[in-house]
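# Structure assessment
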Amino acid sequence: MANFARANLATLKKTASCYLVHITIAAAVAYSVTGDLLVALTLSLLEPTVQAVAFFCHEKVWERWGRQAASRVKTASLPV
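Since the model is a prediction, treat every value here as computed from it, not as a measurement.

### Let's talk about the overall build of the protein
Secondary structure assignment for the protein yields 3 helices and 0 strands. When the elements of the protein are put in sequence order from the N terminus, they spell out α-α-α. Against the globule reference of 12 Å for 80 residues, the protein gives a C-alpha radius of gyration of 19 Å, more extended than a compact globule. C-alpha atoms of the protein, sized along the principal axes, occupy 70 × 30 × 15 Å. Burial analysis of the protein (80 residues in total) assigns 16% to the buried set. Taking the intrachain contacts of the protein between residues at least 6 apart in sequence as the baseline, contacts between residues at least 24 apart amount to 64%. As displayed, the protein has an accessible area near 6,300 Å², and 72% of this comes from carbon and sulfur atoms.

In structure tokens, the structure reads:
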């Protein structure tokens, strides 16, 4: 697990930052709609948690696509 964290530290930090912003906004919106703090906190933790996992996976896919594209460009530019 430590190796995973070290290998993905930048993405994990970005995900955590996005998660905190998302929770704050979601809680404020949910509270303004419901007027109930418990409901607002429940909603604000549920949806952003799912979004954080999706965001992390999204970032990893983009990184992989970027490496593959760079590899294709490098391979295409090699003399035959």
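Moving on from the model shown.
### A word on the packing of aromatic side chains
Applying the stated criterion across every chain, the model contains 2 aromatic pairs. Look at phenylalanine 4 and phenylalanine 56: their rings are 5.9 Å apart centre to centre, the planes differ by 55°, and that puts the pair in the tilted class. Of this pair, phenylalanine 4 sits in helix α1 (residues 2-7) while phenylalanine 56 sits in helix α3 (residues 37-76); the two residues are 52 residues apart in sequence, bridging distant segments of the chain. With 5.7 Å between their ring centres and 70° between their planes, tryptophan 62 and tryptophan 65 make a pair best called edge-to-face. Here the residue tryptophan 62 and the residue tryptophan 65 both occupy positions in helix α3, the gap between them amounting to 3 residues, near one helical turn. Take tryptophan 65: its relative accessible area is 47%, and that puts it in the partly exposed class.

### Some details on a nonpolar patch on the surface
A grouping of Val21, Ile25, Val29 and Val33 is seen on the molecular surface, where their side chains present a nonpolar patch of about 380 Å² in accessible area. The topology assignment puts valine 33 in helix α2 (residues 9-34).

The rules behind these values
Residues numbered from 1 in each chain as written. Predicted model: local features only at pLDDT ≥ 70, side-chain atom pairs only at ≥ 80, totals over all residues. Heavy atoms only, no water. Helix = DSSP H or I, 4+ residues; strand = E, 2+ residues; numbered from the N terminus. Rg over C-alpha atoms; globule rule 2.2 N^0.38 Å. Buried < 20%, exposed > 50% of the residue type's maximum accessible area, 1.4 Å probe, protein only. Contact = heavy atoms within 4.5 Å. Areas by Shrake-Rupley, 256 points an atom, 1.4 Å probe, with all protein chains shown as cover. Phe/Tyr/Trp six-rings, centres within 6.5 Å; stacked < 30°, edge-to-face > 60°. Patch = residues over 30% accessible without salt bridge, like charges linked within 9 Å, V, L, I, M, F, W, Y side chains within 5 Å. Salt bridge = Lys/Arg side-chain N within 4 Å of Asp/Glu carboxyl O.

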